[in-house]
Amino acid sequence: MHQLKDHPGRRFVIALSWCYVYSTLPDNLDWRHMSIERVLTVSPAIGEMIRWSMGLPVHQLSSSIDHRLYYFNPDEKQKQIAFIARKNEHTLKLQSLLASRNPDYVNKIKWVGMDRLSQQDYASLIRQSALFLSTSMAEGFPTSCLEAMAAGAIVCGYDGVGSRDMLRSDGKSPNSLIASNGDYVALAYKMAPLLEDLIHDRMDRWDPVISSARRTADAYTAEKEASSLIAFWKPIIYGQLQRPFVGEVKYRDISNPLVKNGQPTDECPLPGY
Amino acid sequence: MMVERSQSDKLSSARVASDGAGHMQALAFRRPPSHCAGASIYYVCPDVALKSAGIRRLYRHVGILAGAGFDAYILHLSKGFRREDLPPVPVRYLEQNPFNTNDIIVIPEGCSTIMKALKDHPVRRFAIVLNWDYVFKNLLPGKDWRTFNIERVISVSSPIAEMISWSMGLPTHVLASSIDHQLYYFDKSDKQPHLVYIARKATHVDQLKRILGARNPVFINDFKWIGLHGMNEREYAQEIRRAAVFLNLSFAEGYPTSCLEAMASGALVAGYRSMGADALMRGEGPEQNCLLSPIGDYPSLAVALEPYLAAMYNGDKTMWESVISNGLKAVSNVTPETEAEALVSFWHDICARTTPERKEIWTKA
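My aim in this report is to walk through the structure given alongside it, one point at a time.

Conventions used here
Residues numbered from 1 in each chain as written. Chains lettered and ligands numbered in written order. Predicted model: local features only at pLDDT ≥ 70, side-chain atom pairs only at ≥ 80, totals over all residues. Helix = DSSP H or I, 4+ residues; strand = E, 2+ residues; numbered from the N terminus. Buried ≥ 20, exposed ≤ 12 C-beta atoms within 10 Å, placed from the backbone. Contact = placed C-beta atoms within 7 Å. Nonpolar A, V, L, I, M, F, W, Y, C, P; charged D, E, K, R; others polar. Axes fitted to C-alpha atoms, helices over the stretch in contact; angles between N-to-C directions. Parallel < 35°, antiparallel > 145°, perpendicular 65-115°, else oblique. Left-handed = near helix turned anticlockwise from the far one by under 90°. Pairing = 2+ DSSP bridges. Core = buried A, V, L, I, M, F, W, Y, C linked by C-beta atoms within 7 Å.

**A closer look at the overall build of chain B**
Thinking step 1. Counting secondary structure elements, chain B contains twelve helices and twelve strands.
Thinking step 2. With 365 residues in all, chain B has 49% of them scored as buried.

Right, dumping it as structure tokens:
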């Protein structure tokens, strides 16, 4: 970004992971100083963060999963928990805690750490698994969780901030078992009844969660992704969406904040947009 | 090798501890039961110079017990090591194997190697849990404290005790904790536009600063951000008393002593939620006493913190007075007296039991 900041082209950022944004920027500089014009993302959480901090225009695009690879076949299901090995720093502690509660949770259920599998093999493992464990604390867009949901594997873990709009473990139609980020103890409390049912072949009690998860995943189709992408680029290419900002970076005025019902509001747009 | 202790050794130990904790003299303790006289209490303490609330607590427990007439010691590993920066307490050394039958060894949660090494000694073994995240870090699936013949578990946090009880089924005891109100108190005239944090626990502080700086650079340029590191407690407390904000960016805080000290000093505590602190720290509702976000979620923390920083910048924090005052209220009962009473009462009951309760290793169906 820095290298290209004075080139005559237009510069957009595509933000895939929220945790890389501010860990890779130098102090006192952000994307506005590098003449970035707008930001594309598929994650509402990332969009909110960019809008709130840099005030750049954010375009929320759709994402998709491959429903030909990730589908639900109850006959394939095994007493198995799958997790992505490189993203599960809490798995060992969670296993130890659960095993202390009941050793059957690790002895009678297969825990499979997935690493360097082909897409076909990975999908096959997900389809066979009853549960998908995601204990990453910093997820951008939870593609792996959506794939698991489509394949009828119950997602257990953290929302990793980026999945908080999609994964619900409370309310009318929960689609997963989610604990507060980093709290593997609360996660163990939530998972224990599910593991009991898995061991004792009572998974029909979890059908509503599986159905709700599949409905969530159904919305992420290749067609929707394509149409949202075209809808974004068309006005850019045909000149209807011009570069909106030229000049000095301006910041929100906090010396005179807008106040509504006694609380500061965030309604004042940044100057220049 | 068993070491026989002389009466004068015990008396001088008690005197040293009592001198080290002046407030103890005002308390009218029950003396230990007479049959306690044969048993000593050893708190295992790692030989590290790290300044931590956990190590302070181990020393404090021994100081209180020795001051109340119990034969209590800090048990360091290597001969000669002791923490000179903490109030003096009786110290003995594991390498000298000073134990007699029926002595009680209290082992911190992270020391599973020591638990394993002592599992067949003719002593009683308790665990003390200060940080929930250390418990299962060093344990392999299939091994837990029951396999090391731990009899019972001491904690200062109900959620942590609940975790042990849920997983291992061991008897747990939740004791009171304390902060030093002579060091941590609210003096409005001391306050500066400072944001302080414990440097070794603040992995995300740069990201938090950058996101707030992108929102508005005054949050970085007009306020002083101070990473606390290598200070003695007096210096540390002074920084906390001056601070307007205390940031808790720890990924796995046990009992949140540092947050409570900051509350007592009238600083706004803002940071990551901690399982060990759930009963004391309220991030919302009428009893709100701090700003909380999920662990690792610094974007949400920045959003929560910004109105307070804007109020600081504008010189009007009226809207935040209730949060600060709730914080002061929450810690008002966290006193050395309450801690000492709970501790002495616990050990009095333990010593009154001539035989330890032995539970079968069991598993909940």
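**Some points on the interface of chain A and chain B**
Thinking step 1. Opposite the 35 residues of chain A that make contact, chain B presents 36 residues.
Thinking step 2. Contributions of two or more residues to the side of chain A that touches chain B are made by α1 (18-24), α2 (44-53) and α3 (91-101) of chain A.
Thinking step 3. With seven residues, α3(A) is the single largest residue contributor to the side of chain A that touches chain B.
Thinking step 4. Looking at the side of chain A that touches chain B residue by residue, the classes come out as 18 nonpolar, eleven polar and six charged.

**A short note on the packing of helix α6 (residues 143-150) of chain A against helix α8 (residues 207-218) of chain A**
All names here are of chain A.
Thinking step 1. Their axes nearest at 7 Å, the elements α6 and α8 cross at an angle of 125°. Here α6 lies oblique to α8, going by the angle between them. As α6 runs across α8, the sense of the crossing is left-handed. Between α6, through Leu146, Met149 and Ala150, and α8, the contact on the second element is made entirely by Ala213, Arg214, Thr216 and Ala217.
Thinking step 2. For the contact of α6 with α8, the class distribution of residues is five nonpolar, one polar and one charged.

**With respect to the environment of Lys110(A)**
Residue and element names in this part refer to chain A.
Thinking step 1. Among the secondary structure elements, lysine 110 is positioned in strand β5 (residues 110-114).
Thinking step 2. When the C-alpha positions of lysine 110 and tyrosine 220 are compared, they lie 29 Å apart, and in sequence the two are 110 residues distant.
Thinking step 3. Those residues in contact with lysine 110 that lie beyond four places of it in its chain are Gln78, Lys79 and Gln80.

**Here's the deal with the sheet that holds strand β9 (residues 224-228) of chain B**
Residues and elements named next belong to chain B.
Thinking step 1. Taken together, the five strands give an open sheet; going across it, the order is β9-β8-β10-β11-β12, and neighbouring strands pair in parallel fashion. Both outer strands of the open sheet, β9 and β12 (290-293), are each paired with one neighbouring strand and no more. Each strand of the sheet is rotated relative to its neighbour by a mean of 20°, with strand direction disregarded.
Thinking step 2. Note that strand β8 (residues 194-198) and strand β10 (residues 245-248) share three bridges and pair parallel. Across the sheet, residue valine 196 finds its bridge partner in β10, namely phenylalanine 246.

**Here's the deal with the environment of Leu16(A)**
All names here are of chain A.
Thinking step 1. Note on placement: leucine 16 falls in the loop between β1 (12-15) and α1.
Thinking step 2. On the neighbour-count criterion, leucine 16 (16 C-beta atoms within 10 Å) is partly exposed.
Thinking step 3. The contacts of leucine 16, once residues within four sequence positions are left out, are Gly140 and Phe141.

**Digging into the nonpolar core**
Thinking step 1. Counting 172 residues, the largest nonpolar core has Ile154(A) and Val106(B) as the members making the most contacts within it.
Thinking step 2. Residue contacts for Ile154(A): discarding those within four places in its chain leaves Ala130(A), Leu131(A), Ser176(A), Leu177(A), Leu194(A), Trp206(A), Val209(A), Ile210(A) and Ala213(A).

**Considering the sheet that holds strand β5 (residues 124-129) of chain B**
Strands in a sheet are paired, the pairing made by backbone hydrogen bonds, and the direction either parallel or antiparallel.
Residue and element names in this part refer to chain B.
Thinking step 1. Strand order in the open sheet formed by seven strands is β3-β2-β1-β4-β5-β6-β7, with parallel pairing between adjacent strands. Both edges of this open sheet fall to β3 (91-93) and β7 (172-174), since each of them pairs with a single strand only. Here the strands of the sheet are splayed against their neighbours by 30° on average, with no regard to which way each runs.
Thinking step 2. Here strand β4 (residues 104-108) pairs with β5 via five bridges, running parallel. Bridging from a neighbouring strand, isoleucine 104 pairs with arginine 124 of β5.
Thinking step 3. In the packing of helix α5 (residues 158-168) onto the sheet, the strands contacted are β5, β6 (152-155) and β7, and the crossing angle to β7 comes to about 175°.

**What about the packing of α3(A) against helix α7 (residues 184-199) of chain A?**
Residue and element names in this part refer to chain A.
Thinking step 1. At their nearest, the axes of α3 and α7 sit 10 Å apart, and the two run at 50° to each other. The orientation of α3 with respect to α7, classified from their angle, is oblique. Handedness of the crossing formed by α3 with α7: right-handed. Every residue of α7 that contacts α3 at Lys93, Leu94, Leu97, Leu98 and Arg101 is listed here: Tyr184, Val185, Leu187, Ala188, Met191, Ala192 and Leu195.
Thinking step 2. Split into classes, the residues belonging to the contact of α3 with α7 amount to ten nonpolar, no polar and two charged.

Geometric values such as these leave the question of function open.
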